[in-house]
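# Structural overview for review
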Number of protein chains: 2
Amino acid sequence: MLDLEPFEKLDRVIHERGRLVIMSLLATTERLTFTELRETLGLTDGNLSVHLRKLEAHGYLVVDKQFVDRKPRSEYALTPEGRAAFADYIQALEVIVRQAQPDGEQASTLPAGGRLKPGLAGAG
Amino acid sequence: MLDLEPFEKLDRVIHERGRLVIMSLLATTERLTFTELRETLGLTDGNLSVHLRKLEAHGYLVVDKQFVDRKPRSEYALTPEGRAAFADYIQALEVIVRQAQPDGEQASTLPAGGRLKPGLAGAG
C-alpha cells in the first residue's frame, strides 16, 4: 500500500527546486556568501534574493551582513530550525524513493483508506 | 563535493507535489479512475483535472473514457514515457537524498566549479 504521509510532509518552502538546491548546499557547506551561491547556482540576483528571503522569513536561514575590505558581504547559514526542516524533508523524500522502487514497499492495488490531508488539496 | 546535476534533472512536471503523488500512485497501481484518484488524494475536481491534463499534455499518462453501466468512467494510466520520466525523477531524488545524509557523498567545502545550467535559473 502506498503510504501518502511522506507526500503530505513535503515542506513546500523547501520543495521548490531552486530552494531545494540552496538548502542542500547550505546543509553541506555551513556558510556561503551571496556571490558564492549565485555563482554556484547560476541564478540571477533577483531570483536568488527572492528564494533567500523566503527561506529567511520561514526561519530556515540567517544572514550575516558585514563589511570586509570595505565591501559589503552577506553570508548565509542554516538555522537549527532550517536543518531540522531539511532533515524532515529529506526523510520524506527517502520514503517516497523507497516506495517508488520495484522492490520497495509499494502497492499493487489501490491504497485502501489512504487520503491526503486538506493541506495537499491546495496543490497548485 | 555536492553534485548539482540531480537537481537539474528534477522534471518540473513531476516535481510539483500534487503531480508527484499522482505519478507515484499510477506507477504502483497501473490504472485508476478519476473518482479513485480524487478520493485517494482529497483533491478538488478542478485541481485534479488540471494536474491530469498537464501530465497528459506531456505524454506521461493516457486517459481511457468509457461508459460503464451507462455512467462515464475515465481511467488513467502511465505511458511508457511517463514511467521512464518517473524513473529518472526518482533516480535524481535518490542521489539528492544520498548527498544530504551525513555519511553520504557530500561536501564539507564549497563545491568547486559546480554550476547549474540555465534551466535552473528560471526557478520561480
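You'll find the structure just up there.
Residues numbered from 1 in each chain as written. Chains lettered and ligands numbered in written order. Predicted model: local features only at pLDDT ≥ 70, side-chain atom pairs only at ≥ 80, totals over all residues. Heavy atoms only, no water.

The next subject is the overall build of chain A. In terms of regular secondary structure, chain A is built from 7 helices and 3 strands. Put simply, of all contacts in chain A between residues at least 6 apart along the chain, 62% involve residues at least 24 apart. Of the accessible surface of chain A, which amounts to about 6100 Å², a share of 50% is contributed by carbon and sulfur atoms. (Helix = DSSP H or I, 4+ residues; strand = E, 2+ residues; numbered from the N terminus. Contact = heavy atoms within 4.5 Å. Areas by Shrake-Rupley, 256 points an atom, 1.4 Å probe, with all protein chains shown as cover.)

Next up on the list: the packing of aromatic side chains. Residues and elements named next belong to chain B. Summed over all chains, the structure comprises 2 aromatic pairs over all chains. Judged by centre distance (6.4 Å) and plane angle (50 degrees), the rings of phenylalanine 34 and tyrosine 76 are tilted. Linking phenylalanine 34 in helix α4 (residues 34–41) with tyrosine 76 in strand β3 (residues 71–78), this pair joins segments that are 42 residues apart in sequence. No difference in accessibility class separates phenylalanine 34 from tyrosine 76, as the two residues are buried. (Phe/Tyr/Trp six-rings, centres within 6.5 Å; stacked < 30°, edge-to-face > 60°. Buried < 20%, exposed > 50% of the residue type's maximum accessible area, 1.4 Å probe, protein only.)

A word on the sheet that holds strand β1 (residues 31–33) of chain A. Strand pairing within a sheet occurs via backbone hydrogen bonds; the two strands may be parallel or antiparallel. All names here are of chain A. In spatial order, the strands read β1-β3-β2; together these 3 strands make up an open sheet with antiparallel pairing. Since the sheet does not close on itself, it has two edges, and those belong to β1 and β2 (61–68), each with one partner. Across this sheet, the average inter-strand angle for adjacent strands is 30 degrees, counted without regard to direction. Here helix α3 (residues 17–29) sits on the sheet and contacts β1, β2 and β3 (71–78); the angle it forms with β3, its principal contact strand, is near 90 degrees. (Pairing = 2+ DSSP bridges. Axes fitted to C-alpha atoms, helices over the stretch in contact; angles between N-to-C directions.)

Next up on the list: the packing of helix α3 (residues 17–29) of chain B against helix α6 (residues 80–100) of chain B. All names here are of chain B. Two elements in contact, α3 and α6, have axes whose closest approach is 11 Å; the angle formed by their N-to-C orientations is 115 degrees. The orientation of α3 with respect to α6, classified from their angle, is roughly perpendicular. The handedness of the crossing between α3 and α6 is left-handed. Only Gly82, Arg83, Phe86 and Tyr89 of α6 make contact with α3, whose side of the interface consists of Leu20, Met23, Ser24, Leu26 and Ala27. Of the residues belonging to the contact of α3 with α6, the class tally is 6 nonpolar, 2 polar and 1 charged. (Parallel < 35°, antiparallel > 145°, perpendicular 65-115°, else oblique. Left-handed = near helix turned anticlockwise from the far one by under 90°. Nonpolar A, V, L, I, M, F, W, Y, C, P; charged D, E, K, R; others polar.)

Scope: geometric values only; no functional claims are made or implied.
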